[in-house]
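# Residue-level structural notes
Here's the letter readout for the chains.
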Amino acid sequence: MQQQPDWLRYDRDHVWHPYATVHSDTPIWPIVEARGAEIRLADGRWLVDGMASWWSVIHGYRHPVLDAALKAQIDRFSHVMFGGLTHEPAVELARRLLTIAPGSLDHVFFADSGSVAVEVALKMAIQCWDGRGQPQRKRFLTIQSGYHGDTFGAMSVCDPENGMHRLFSGFLPEQLFAPAPPLASEADDGSALEAFETLLKQHRNEIAAVILEPIVQGAGGMRIYRPDYLKSVAALCRQHDVLLILDEIATGFGRTGTLFACEQAGVEPDILCLGKALTGGYMTLAATLVSDEVARDICRSEAGALMHGPTFMANPLACAVAGASIDLLLSRPWRDRVIAIERQLEQGLAPCRDLHTITDVRTIGAIGVIELKGNHLPPGIQETLVGAGVWVRPFRNLVYVMPPYVIEDAQLATLTEAICEVLSTRLQMQPSPNPPL
Ligand SMILES: *Cc1c(COP(=O)(O)O)cnc(C)c1O
């Protein structure tokens, strides 16, 4: 066992972490190495990674193929501006994306993060309607419990309760929110869809696009809903001539058991956002894909071009590793692996169903979610999980995992056993007197 590194104190005093306060006593764990589906703490302990670094590390850490792709590109060049210049890694990545993407998408805009890809999608929709002579269409319709990122445009379409709407109200654009569809396990009386349709009809002349996460709502609540709902939403968008933006930043690249989640509903977006697992979790990169029809109208808008262009657009290192990651994924029986993970998650997390403070256990593809009653996790649950040898980062009333696809059966068993054990003991839960059917 090694000592805690001395830079850890500096971290606590000076380095900001996601959604964190400064000068906090919340523990933070120093990582010194990662390999496959495990990450190593500075004190020598290896943790099984249940998070895939926020959905992204699908092939595991230090995959030799991805390492090699990145090193090879470093030896050519690490970056050049994308304005007026181009390079093979970007073009070949675009070719791959357009080949595997659902529907008829024809153009790729490379952005530097998921949030920026969403900003670009929103800009595309607004500029498209400007090009079509309807510049008043500048609002977006979405569903509650969504998450689309932390920049302002993206935040404006995040769930208004869980999101940061109150904090930034007055600055944030005000969008339209339909109720979230029922969970796939709940009864559906059709009222969510009805409310969606009503809003769409009422505001159709001001709505530029509908934006939502297909099948799985991620950071907004880890909710899994029925493909039929998405199918109906897409049909209503066509019927009322509103663009459909699908945010597959979390669900893309096989996570839900299909390459893209929208395939489960047979739905084709006008604009598609990709990110997270795009580079296999190696670097930040995202992409906004758009149909030729929409792209042409964007270019007919007053500006005459899409008004976005980040400094590090289409970074060659990120594009090279993303291309390699897609090839690697497609060269493997990834679907079988994801379905096997789903089965093991279902079985491994099932014992939690009997705990009376747990309201739901749900899985889809390589995603497992445990929802607790009430709105708070017991304090210190994160430390207990680390003590049990796993990296899981619960939030609100949710303990959830989406491990790297390369996770071994034994590692996945460690993960689910640790979660069940920690939840049943750490929460001091009693088996329910009336176990649910
Ligand atoms: C994570 C996420 C984003 C934002 O991506 P960042 O790279 O964190 O900016 C947007 N949409 C969805 C669905 C996400 O899961």
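We now turn to the structure provided with this report.

How each quantity is defined
- Residues numbered from 1 in each chain as written.
- Predicted model: local features only at pLDDT ≥ 70, side-chain atom pairs only at ≥ 80, totals over all residues.
- Heavy atoms only, no water.
- Helix = DSSP H or I, 4+ residues; strand = E, 2+ residues; numbered from the N terminus.
- Rg over C-alpha atoms; globule rule 2.2 N^0.38 Å.
- Buried < 20%, exposed > 50% of the residue type's maximum accessible area, 1.4 Å probe, protein only.
- Contact = heavy atoms within 4.5 Å.
- Areas by Shrake-Rupley, 256 points an atom, 1.4 Å probe, with all protein chains shown as cover.
- Lys, Arg positive; Asp, Glu negative; His and termini not counted.
- Charge placed at Lys NZ, Arg CZ, Asp CG, Glu CD.
- Pairing = 2+ DSSP bridges.
- Core = buried A, V, L, I, M, F, W, Y, C linked by side-chain atoms within 4.5 Å.
- Domains from an automatic or database assignment.
- Patch = residues over 30% accessible without salt bridge, like charges linked within 9 Å, V, L, I, M, F, W, Y side chains within 5 Å.
- Salt bridge = Lys/Arg side-chain N within 4 Å of Asp/Glu carboxyl O.
- Axes fitted to C-alpha atoms, helices over the stretch in contact; angles between N-to-C directions.
- Parallel < 35°, antiparallel > 145°, perpendicular 65-115°, else oblique.
- Left-handed = near helix turned anticlockwise from the far one by under 90°.
- Nonpolar A, V, L, I, M, F, W, Y, C, P; charged D, E, K, R; others polar.
- Expected span 1.5 Å × (residues − 1).

In terms of regular secondary structure, the chain is built from 13 helices and 16 strands. Computed over C-alpha atoms, the radius of gyration of the chain comes to 22 Å, within 12% of the 22 Å expected from 2.2 N^0.38 for 437 residues, which places it in the range of a compact globule. Expressed along its principal axes, the backbone C-alpha trace of the chain runs to roughly 65 × 60 × 45 Å. For the chain, the residues scored as buried account for 54% of the 437 residues in total. Pairs at least 24 residues apart make up 71% of the contacts formed inside the chain by residues separated by at least 6 positions. As presented, the chain carries roughly 19500 Å² of accessible surface, and 54% of it is formed by carbon and sulfur atoms. Separation of charge centres in the chain, based on 36 positive and 50 negative side chains, amounts to 1 Å.

This paragraph deals with the pairing of strand β1 (residues 31-35). Pairing analysis gives 4 bridges linking β1 to strand β2 (residues 38-41), with the strands arranged antiparallel. Residue Ile-31 lies in a different strand from β2, and its bridge partner there is Leu-41. The hairpin turn running from β1 into β2, its antiparallel successor, is 2 residues long, and Gly-36 in that turn takes a positive phi close to 60°.

Positive phi, close to 55°, is recorded for Asp-241, a residue that is not glycine. Here Asp-241 lies in the loop between α8 (227-239) and β10 (243-247). Phi at Ala-314 takes a positive value of approximately 55°, unusual for a residue other than glycine. Topologically, Ala-314 is positioned in the loop between α9 (292-299) and α10 (316-330).

Below, the discussion takes up the nonpolar core. For soluble globular proteins, the rule of thumb is that nonpolar side chains tend to be buried together. Among the nonpolar cores identified, the biggest contains 133 residues, and Phe-253 and Leu-423 are the most heavily contacted of them. Looking at which element gives the most residues to this core, the answer is helix α5 (residues 114-131), with 10 residues. Each of domain 1 (6-62 + 333-426) and domain 2 (76-331) contributes no fewer than three residues to this core.

On the surface, Asp-188, Asp-189, Glu-194 and Asp-228 cluster together to form a negatively charged patch. By the secondary structure assignment, Asp-188 is in the loop between β6 (176-178) and α7 (191-203).

The next subject is the sheet that holds strand β3 (residues 46-49). Strand order in the open sheet formed by 4 strands is β1-β2-β3-β15, and the pairing between neighbours is mixed. One side of each edge strand has no neighbouring strand; the edge strands of this open sheet are β1 and β15 (390-391).

Let us now look at the packing of α5 against α9. For the pair α5 and α9, interaxial distance at closest approach is 7 Å and the crossing angle is 70°. On the basis of the axis angle, α5 is roughly perpendicular to α9. As α5 packs across α9, the resulting crossing turns out to be left-handed. Together, Met-124, Gln-127, Cys-128 and Gly-131 of α5 and Val-294, Asp-297 and Ile-298 of α9 make up the contact between the two elements. In terms of residue class, the contact of α5 with α9 is made up of 4 nonpolar, 2 polar and 1 charged.

Attention now moves to α5. Spanning 18 residues, α5 covers 25 Å between terminal C-alpha atoms, matching the ideal 26 Å at 1.5 Å per step. Across the 18 residues that make up α5, a large majority, 15, are buried. Within two residues after α5, Gly-133 carries a phi angle of roughly 75°, on the positive side.

For the rest of this paragraph, the subject is the pattern of salt bridges. Enumeration according to the criterion identifies 16 salt bridges in this entry. The partner of Glu-33 in a salt bridge is Arg-40, with the nearest N and O atoms 2.9 Å apart. Among the salt bridges present, the one from Glu-371 reaches Arg-362, with a minimum N-O distance of 2.7 Å. Residue classification places Arg-362 among the buried residues on the basis of a relative accessible area of 8%. Bridged by salt links that share partners, the residues Arg-132, Glu-293, Asp-297 and Arg-300 form one connected network.

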